[in-house]
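The residues making up each chain are set out below.
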Amino acid sequence: MIRIGKKKYIIKSTLRFTMFITILCILIITTASAVLGLSNVRGMAKQQYVQIQVKSGDTLWCLASEYMPNTDIRKSINVISKINDTSASELYAGQVLKIPVEKH
């Protein structure tokens, strides 16, 4: 009769084995958090907006400097344009724009 038994493994260095298991656990946790989006802090906070009505003579430049003073004006104009799907040449009096509220 042939006896098939379990093969026994001997750990020669407990330090190397412990380091291997630790690194393996860190890799698994890091991969799982990246795949599940657990490290995405930006998605936790919902962006808030203020709605303004464009007056005659308003430009994206003056609106950006008034409502987003702590941001680079060019970046602010780009953000406002993208959110409202508009450009400086398409701006008209009476148009309602959403402008992001800056977080403090």
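1. Digging into the overall build of the protein chain
- Looking only at helices and strands, the protein chain features three helices and two strands.
- For the protein chain, the N- to C-terminal ordering of α and β elements is α-β-α-α-β.
- Across the 104 residues that make up the protein chain, the buried fraction comes to 18%.

2. Quick look at the packing of helix 2 (residues 60–67) against helix 3 (residues 73–84)
- Relative to each other, helix 2 and helix 3 sit at 105 degrees, their axes nearing to 9 Å. By the criterion of interaxial angle, the relationship of helix 2 to helix 3 is roughly perpendicular. Mapping the contact onto sequence places Leu60, Trp61, Ala64 and Ser65 in helix 2 and Ile73, Arg74, Ser76, Ile77, Ile80 and Ser81 in helix 3.
- Looking at the contact of helix 2 with helix 3 residue by residue, the class counts come to six nonpolar, three polar and one charged.

3. Things to note about the environment of Gln51
- Inspection of the secondary structure assignment puts Gln51 in strand 1 (residues 49–53).
- Taking the relative accessible area as the measure of exposure, Gln51 reaches 58% and is therefore exposed.
- Taking the C-alpha atoms as reference points, Gln51 and Leu97, 46 residues apart in sequence, are found 5.6 Å from one another.
- Apart from the residues within four sequence positions on either side, Gln51 is in contact with Val96, Leu97 and Lys98.

4. Observations concerning the environment of Ile83
- Checked against the element boundaries, Ile83 lands in helix 3.
- Note: C-alpha distance between Ile83 and Lys98 (15 residues apart in sequence) is 7.0 Å.
- Setting aside chain neighbours within four positions, we find Ile83 in contact with Tyr49, Lys98 and Pro100.

5. Let's talk about helix 1 (residues 14–36)
- Helix length check: helix 1 (23 residues) gives 33 Å between terminal C-alpha atoms against 33 Å at 1.5 Å per residue, within 8%.
- Gly37 sits one or two positions beyond helix 1 and adopts a positive phi of about 75 degrees.

6. Some points on the nonpolar core
- One finds Ile52, Val54, Leu60, Leu63, Ala64, Met68, Ile73, Ile77, Ile80, Leu91, Leu97 and Ile99 forming the largest nonpolar core, which totals 12 residues.
- When residues of this core are traced back to their parent elements, those giving at least two are helix 2, helix 3 and strand 2 (96–100).
- Ignoring sequence-local partners within four residues, the contact set of Ile52 consists of Leu63, Tyr67, Gln95, Val96, Leu97 and Ile99.

7. Comments concerning the pattern of salt bridges
- Tallying each qualifying case throughout the model produces one salt bridge.
- Here Asp72 makes a salt bridge to Arg74, at a shortest N to O gap of 3.3 Å.

8. So, the side chain of Ser76
- Turning to its location among the elements, Ser76 is positioned in helix 3.
- Using a relative accessible area of 0% as the deciding quantity, one classes Ser76 as buried.

9. Looking at the packing of aromatic side chains
- Counting across every chain of the model gives zero aromatic pairs.
- Lys98 extends its terminal NZ or CZ atom over the ring of Tyr49, reaching a point 4.7 Å from the ring centre.

Rules used throughout
Residues numbered from 1 in each chain as written. Predicted model: local features only at pLDDT ≥ 70, side-chain atom pairs only at ≥ 80, totals over all residues. Heavy atoms only, no water. Helix = DSSP H or I, 4+ residues; strand = E, 2+ residues; numbered from the N terminus. Buried < 20%, exposed > 50% of the residue type's maximum accessible area, 1.4 Å probe, protein only. Axes fitted to C-alpha atoms, helices over the stretch in contact; angles between N-to-C directions. Parallel < 35°, antiparallel > 145°, perpendicular 65-115°, else oblique. Contact = heavy atoms within 4.5 Å. Nonpolar A, V, L, I, M, F, W, Y, C, P; charged D, E, K, R; others polar. Expected span 1.5 Å × (residues − 1). Core = buried A, V, L, I, M, F, W, Y, C linked by side-chain atoms within 4.5 Å. Salt bridge = Lys/Arg side-chain N within 4 Å of Asp/Glu carboxyl O. Phe/Tyr/Trp six-rings, centres within 6.5 Å; stacked < 30°, edge-to-face > 60°. Lys NZ or Arg CZ within 6 Å of the ring centre and 35° of its normal.

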